[in-house]
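Results of the structural survey
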Amino acid sequence: MQVQAPSHGLEAFYADRMERRDASGDAALREHFEQELNQARVMIQAQGIAVPPEGGTSPSAVPTPAAEQTAQPVGPQSTSPQPTGSSPTGSQPADAAPAGKPTGETPSAAMPPAAAPEGKPGVDKPERDLFDERLAQEAAAKPEASVSDGAGPNVIYITNDQNHEITVGKFRNLESTTEPSAQITLKPGETGALYYENGEAGIMTQADADGQFRPDASRLEYQSEADGSKRFPDISYIDGRNASILLTDGKDFNKGDSVSIAEDAPAEIVTTDSAGNRTIVGWYDGSTDQMQAGGKYMEDILGTNGAYLHPDDDRRAPGSNPMTATESNVLFARFGAP
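Report follows, based on the coordinates. (Residues numbered from 1 in each chain as written. Predicted model: local features only at pLDDT ≥ 70, side-chain atom pairs only at ≥ 80, totals over all residues. Heavy atoms only, no water.)

1. Some points on the pattern of salt bridges
When the charged atoms of two side chains with opposite charge come close together, those side chains can pair. The tally for this structure, following the rule as stated, stands at 10 salt bridges. Salt-bridge contacts for D239 lead to R219; the nearest nitrogen and oxygen are separated by 3.6 Å. Of this pair, D239 sits in the loop between β9 (234–236) and β10 (240–241) while R219 sits in strand β8 (residues 219–223), and the two are 20 residues apart along the sequence. Residue classification places R219 among the buried residues on the basis of a relative accessible area of 0%. (Salt bridge = Lys/Arg side-chain N within 4 Å of Asp/Glu carboxyl O. Helix = DSSP H or I, 4+ residues; strand = E, 2+ residues; numbered from the N terminus. Buried < 20%, exposed > 50% of the residue type's maximum accessible area, 1.4 Å probe, protein only.)

So, in structure tokens, the structure goes:
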């Protein structure tokens, strides 16, 4: 999972990634953590922080004001702000896929829903299906993107399941947090495509009614191995939830959810944009009663298997751990009401 770590949080992040890399017995996960460490080293050096040698403890950081939170995503998400700012205009028509883009896989129709964690109200015996298999199958059947942006051999097809137009922006790691590197605007029911390169990592988020990419938006996080052999996509509501996100590869990778829970949420954990669209406050770092209440509300309904609600959810046991991987370079997402 991706992170926008403030400089003063790099020490803990770097030490954590080293610990997880060294403790993992899975070669692919070790390589995944090593890539995150490589990105972190770039940030550490750029901020004048000494990078420790292998076997060291953690970087020796230059003191940074707590309010300074401008660094880019570098790996598993922690308690940090998301991209904010105005959305640039213009999406690329999808008449023909740019060079190097996927020609399209043919996903299988059978897609079991993601396993739900135990002991969560509304998850063990949910009133609503968290992962809508029908929607996933429809998304993966024969995607037709009316707009597209970005470049590379990997693609995420995104369908707008909301009753109003939405804009989804893609933010690459170590680049701007205010201007997306690619974006698409979708009418209700419309599907678009965002492409990315091998070795690329970042996030995709939905702008508010004024075109602003707020720091409390739902995040579709993506990362591809440099050789294109594996991808590590996930969904995160750690900083907030302004959309439900369902994500599938059309085979056996199924994450996120397709339920709307914001309408029933207590008013004290909900914010609205200029059009009245709701966002549920996320756990973030759990430092306020509002954050704790928002995180608990989402966890009680959604559990943690489908999406990150806390920075350390990938330490949980299988069945309640949102971290996973897929070999597919074609993924399908649906952005629904929060």
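2. Regarding the packing of aromatic side chains
Any two aromatic rings considered together are summarised by their centre-to-centre distance and by the angle between their planes. Counted according to the given criterion, the structure contains 3 aromatic pairs. Ring geometry for F171 against F213: centres 5.2 Å apart, planes inclined by 80°, an arrangement best described as edge-to-face. Taken together, the residues F171 in strand β4 (residues 166–172) and F213 in the loop between β7 (201–206) and β8 connect sequence positions 42 residues apart. Accessibility assignment for this pair places F171 and F213 in one class, buried. Geometrically, the ring pair formed by Y196 and Y222 is tilted, given 4.6 Å between the ring centres and 45° between the ring planes. Of the two residues, Y196 is situated in strand β6 (residues 191–196) and Y222 in strand β8; the sequence distance between them amounts to 26 residues. One exposure class covers both Y196 and Y222, and it is buried. The lysine or arginine in question, R241, covers the ring of Y237, its NZ or CZ lying 4.7 Å from the ring centre. (Phe/Tyr/Trp six-rings, centres within 6.5 Å; stacked < 30°, edge-to-face > 60°. Lys NZ or Arg CZ within 6 Å of the ring centre and 35° of its normal.)

3. Side note on the nonpolar core
Counting 36 residues, the largest nonpolar core has I156, I158, M204, L220 and F335 as the members making the most contacts within it. Element by element, the count of residues in this core is highest for helix α4 (residues 289–302), at 4 residues. Counting residues in each nonpolar core, the second largest holds 6 residues, with Y157, A193, Y195 and V330 among its members. (Core = buried A, V, L, I, M, F, W, Y, C linked by side-chain atoms within 4.5 Å.)

4. Details of unusual backbone geometry
Phi is positive for L174, close to 65°, though the residue is something other than glycine. Checked against the element boundaries, L174 lands in the loop between β4 and β5 (182–186). By relative accessible area, which is 37% here, L174 ends up partly exposed. Unlike most non-glycine residues, Y284 shows phi in positive territory, near 50°. Note on placement: Y284 falls in the loop between β14 (278–281) and α4. Given a relative accessible area of 17%, Y284 falls into the buried group.

5. A look at the sheet that holds β7
In spatial order, the strands read β5-β4-β7-β8-β9; together these 5 strands make up an open sheet with antiparallel pairing. Sheet topology places β5 and β9 at the edges, where each strand pairs with a single neighbour. Strand after strand, the sheet turns through a mean of 20° between neighbouring axes, direction not considered. Bridging between β4 and β5 involves 5 bridges; their strand directions are antiparallel. By the bridge assignment for β5, G169 is matched with Q183. (Pairing = 2+ DSSP bridges. Axes fitted to C-alpha atoms, helices over the stretch in contact; angles between N-to-C directions.)

6. What to know about the sheet that holds β10
Spatially, 3 strands are ordered β10-β14-β13 in an open sheet, and the strand pairing comes out antiparallel. In this open sheet, the two edge strands, each paired with only one partner strand, are β10 and β13 (270–272). As judged from the 2 bridges shared by β10 and β14, these two strands associate in the antiparallel manner. If you follow G240 over to β14, its bridge partner there is V281. Packing against the sheet, α4 makes contact with β10 and β14, and its axis sits at approximately 100° to β14. (Contact = heavy atoms within 4.5 Å.)

7. Remarks on the pairing of strand β11 (residues 244–248)
Most of β11 sits inside the fold, with 5 of its 5 residues counted as buried. Going residue by residue along β11, you find S244, L246 and T248 tucked away on one face and I245 and L247 tucked away on the opposite face as well. Taken together, the 5 bridges between β11 and strand β15 (residues 330–336) define a ladder with antiparallel strand orientation. Across the sheet, residue L246 finds its bridge partner in β15, namely R334. Looking at chain direction, β11 and strand β12 (residues 254–256) are connected through 3 bridges and run antiparallel. Each residue of the ladder has a partner; that of T248, found in β12, is N254. Between β11 and the antiparallel strand that follows it, β12, lie 5 residues; G250 among them carries a positive phi value of about 80°.

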